[in-house]
Amino acid sequence: MDLHDFKDVAENYDRYLDVMYAGEDHHENFQEFYLNLAKQYGQGGVVDIACGTGAVLLYLAERGIEIDGTDLSEEMCKVAAAKAEKMKLQLNIYPADMTKFSSGRKYSLAIIARSGFMHLPEQKLQIEALKNIREQLLPGGILTFNTFDPWPAVQAQQMATGPDDYSFRLEYVNSDGNKEKIYNAISYNIYTQQMFGNWKFETYDEEGNVIDERIRPLLMRETYRSEVFLLAELCGYEVLDIYRGYNGDKEDLSDPDTAAEYESNLIWILRKKD
């Protein structure tokens, strides 16, 4: 199981992400970014893959975008569906594996927001997902997903991290109104390019005593830029654009040295080849 498969994580996901991203500008404007993409490419329908609790899905639906949502985690889908119902939005939200999903219709835009693509822990699964998503797209359809430039300094630190070497990540108030602290211990395997480890959640009462502790696993894969170009070609796509964050800054596709200039959150824009 992964971190996101647990009911307690799904119920508190929005709460701790609000804190996590409050001081990290690489997620500023991310909902508006996908709304602009949907207006540009989503006339034939949009699917939000790895939709989580609906941050992009509900934002786009509320603004008139025809959109479906799917996520591997049934618990995440339940939270997203409950939020949609509260907002009086009638949406098709269902649990499914992105390597196999099919809603019975085709889309002009498929979105894998934030780190959804990175939760495919093997290159084999990345290929299966890209090929399956291609089958769900209309001719010339667009797929967008994110990767992060693997950063050697962080990799070196993670390679030296043991399973009990927890670092404080953040503090927030959970859905029960209790203060929680999150710690993580994340290691890195240079051969598989996998980040793996655990998140620890500590819950406190009003006197500051720990009243609960939960350990939840995490497994993700880092993918280099050169790999993405090869994966795109192998799976029947062409790379149209790469955005460096959500503020509209594009990478120069003709200049491979730009990869060394930035520690970047990359948003890939791929088009299905006919």
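What counts, and where the lines are drawn
- Residues numbered from 1 in each chain as written.
- Predicted model: local features only at pLDDT ≥ 70, side-chain atom pairs only at ≥ 80, totals over all residues.
- Heavy atoms only, no water.
- Pairing = 2+ DSSP bridges.
- Helix = DSSP H or I, 4+ residues; strand = E, 2+ residues; numbered from the N terminus.
- Axes fitted to C-alpha atoms, helices over the stretch in contact; angles between N-to-C directions.
- Contact = heavy atoms within 4.5 Å.
- Parallel < 35°, antiparallel > 145°, perpendicular 65-115°, else oblique.
- Left-handed = near helix turned anticlockwise from the far one by under 90°.
- Nonpolar A, V, L, I, M, F, W, Y, C, P; charged D, E, K, R; others polar.
- Expected span 1.5 Å × (residues − 1).
- Bend = angle between axes of the 7 residues up to and from the residue.
- Buried < 20%, exposed > 50% of the residue type's maximum accessible area, 1.4 Å probe, protein only.

Examining the sheet that holds strand β7 (residues 179–189)
Taken in spatial order, the four strands line up as β6-β7-β8-β9 in an open sheet, and their pairing is antiparallel. At either margin of the open sheet sits one strand with a lone partner, and together these are β6 (167–173) and β9 (210–221). Across the sheet, the mean angle separating the axes of adjacent strands is 20° when strand polarity is ignored. In this structure, β6 lies alongside β7, joined through six bridges in antiparallel fashion. Opposite F168, over in β7, you have Y183 as the bridge partner. Running at roughly 100° to β6, helix α1 (residues 7–20) makes contact with β6, β7, β8 (194–204) and β9 of the sheet.

A word on the packing of helix α2 (residues 30–41) against helix α3 (residues 55–62)
As a packed pair, α2 and α3 sit with axes 10 Å apart at the nearest point and diverge in direction by 55°. It follows from the interaxial angle that α2 and α3 lie oblique. As for the relative orientation of α2 and α3, their crossing is right-handed in sense. Contacts from F30, Q31, E32, Y34, L35 and A38 of α2 reach α3 at A55, V56, Y59 and L60. For the contact of α2 with α3, a count of residues per class yields eight nonpolar, one polar and one charged.

Quick word on α1
Over its 14 residues, α1 runs 19 Å from end to end, which matches the ideal 20 Å to within 8%, given 1.5 Å per residue. By the largest-angle criterion, Y13 marks the main kink of α1, which is about 55°. For α1, the full list of buried residues reads D8, V9, A10, N12, Y13, Y16, L17 and M20. Buried residues along α1 sit in contact with α4 (74–86), β6, β7, β8 and β9.

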